[in-house]
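Coordinate inspection notes
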Amino acid sequence: MVAVEGLDGAGKATLVAALADAAARRGASVSMHAFPRYDADVHAALAGEALHGAHGDLRSSVHAMAVLFALDRAGAAADLRAAREAYDLVLVDRYVASNVAYGAARQEQDAGGEFVAWVHALEIERLGVPAPDVQVLVRVPGEVAARRVRERAAADPSRTPDGYESDAALQARCAQVYDELVSRTWLAPWSVVGADEGHVALTRTAESLVAERLGTERSGDIASGSSVRSDTIET
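Residues numbered from 1 in each chain as written. Predicted model: local features only at pLDDT ≥ 70, side-chain atom pairs only at ≥ 80, totals over all residues. Heavy atoms only, no water.

1. Looking at the pairing of strand S1 (residues 2-6)
The side chains of a regular strand alternate, first on one face of the sheet and then on the other. Test applied: When accessible area is computed with a 1.4 Å probe and restricted to protein chains, residues below 20% of their type maximum are described as buried, those above 50% as exposed, and intermediate ones as partly exposed. Elements are defined by DSSP. Helices are runs of H or I of four residues or more, strands are runs of E of two residues or more, and each kind is numbered from the N terminus. A strand pair is defined by DSSP finding two or more bridges across the two strands.
With five of its five residues buried, S1 lies for the most part within the structure. Side chains Val2, Val4 and Gly6 of S1 all project onto a buried face; the interleaved residues Ala3 and Glu5 project onto the opposite face, where all are buried too. Looking at chain direction, S1 and strand S3 (residues 89-93) are connected through three bridges and run parallel. Considered in S3, the bridge of valine 2 is made with leucine 91. Bridge count for S1 against strand S4 (residues 134-139) is five bridges, and the pairing is parallel. Bridging from a neighbouring strand, glutamate 5 pairs with leucine 137 of S4.

And the structure:
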């Protein structure tokens, strides 16, 4: 299971799609997931509504928001474990590290702080959310991510930036926490991908990452045919 992480607007969905394509070309079966599941889970829906100003002071509580996001993943834990057994590769757009990075950034803590330990105890130990095998950080300058969020909102009026996406200072602190998580090898090994890669370079990067996870077999050696299941939402 590979979790792809990064700031809002970093290009996570683009990398997930490239990883899925690279795996499918090798004949591997792929299951794709994304969090938060705003349209599929009531906890995620409540968190999403709070990020747009609903539910009073809910958004102001770092721990309350983190619990809602954690319960969303806990609700999908059984499906993720089943996918791990049934598919060669499970790809997840945003996972536990997102909860850690954004919450720690909001509390102005680093990756060694209390909040990071609390999320691990909550999600991994108490709720039984399965840990990923590897995590990939899509590293992008905060100003680039912010521009992409604005462009995305301009192209689709229904995608108004939420309270996290529109907070440039928060995004900058979050980027720092992500880098610290990478340096600490938090939860699982990390790889780092630059978001400014062109299509050809991104394809090569995806193929390299997939080769590391699935081995060096040529296309068709892993499975009799490619299969891609997508439970993603665009993020």
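2. Describing the packing of helix H3 (residues 62-86) against helix H4 (residues 96-106)
Stated precisely, the cut-off is as follows: A fitted line through C-alpha atoms represents every axis, and for helices the fit uses only the stretch in contact; the resulting angles, taken between N-to-C directions, go from 0 to 180 degrees. We call two directions roughly parallel when the angle between them is under 35 degrees, roughly antiparallel when it is over 145, roughly perpendicular when it lies between 65 and 115, and oblique otherwise. Contact definition: two residues touch when any of their heavy atoms are within 4.5 Å. For this classification, the nonpolar set comprises Ala, Val, Leu, Ile, Met, Phe, Trp, Tyr, Cys and Pro, the charged set comprises Asp, Glu, Lys and Arg, and every other residue, Gly included, is treated as polar.
Contact pair H3 / H4: the axes reach a minimum separation of 10 Å and the direction vectors enclose 175°. In terms of their interaxial angle, H3 and H4 are classed as roughly antiparallel. Here Val62, Met65, Ala66, Phe69, Ala70 and Arg73 of H3 come into contact with H4, specifically with Val96, Asn99, Gly103 and Arg106. Class assignment for the residues of the contact of H3 with H4 results in six nonpolar, two polar and two charged.

3. Quick word on the nonpolar core
Worth spelling out the cut-off: Buried residues of nine kinds, namely Ala, Val, Leu, Ile, Met, Phe, Trp, Tyr and Cys, make up a nonpolar core once their side-chain atoms join them within 4.5 Å.
Core analysis: the largest hydrophobic core is formed by 67 residues, its most contacted members being Leu91, Tyr95, Tyr178 and Leu181. Looking at this core, the element that brings in the most residues is H3, giving eight residues. When neighbours within four sequence positions are excluded, tyrosine 95 is seen to be in contact with Met1, Ala3, Glu5, Phe35, Arg73, Leu80, Val129, Pro130 and Pro132.

4. Some words on helix H1 (residues 12-25)
Under the convention used in this document: Helix span, as expected, comes to 1.5 Å for every residue beyond the first.
Here H1 is 14 residues long and its end C-alpha atoms lie 20 Å apart, about the 20 Å a rise of 1.5 Å per residue gives. Listed in full, the buried residues belonging to H1 are Lys12, Leu15, Val16, Ala18, Leu19, Ala20, Ala22, Ala23 and Ala24. Positive phi appears at glycine 27, one or two residues downstream of H1, with a value of about 85°.

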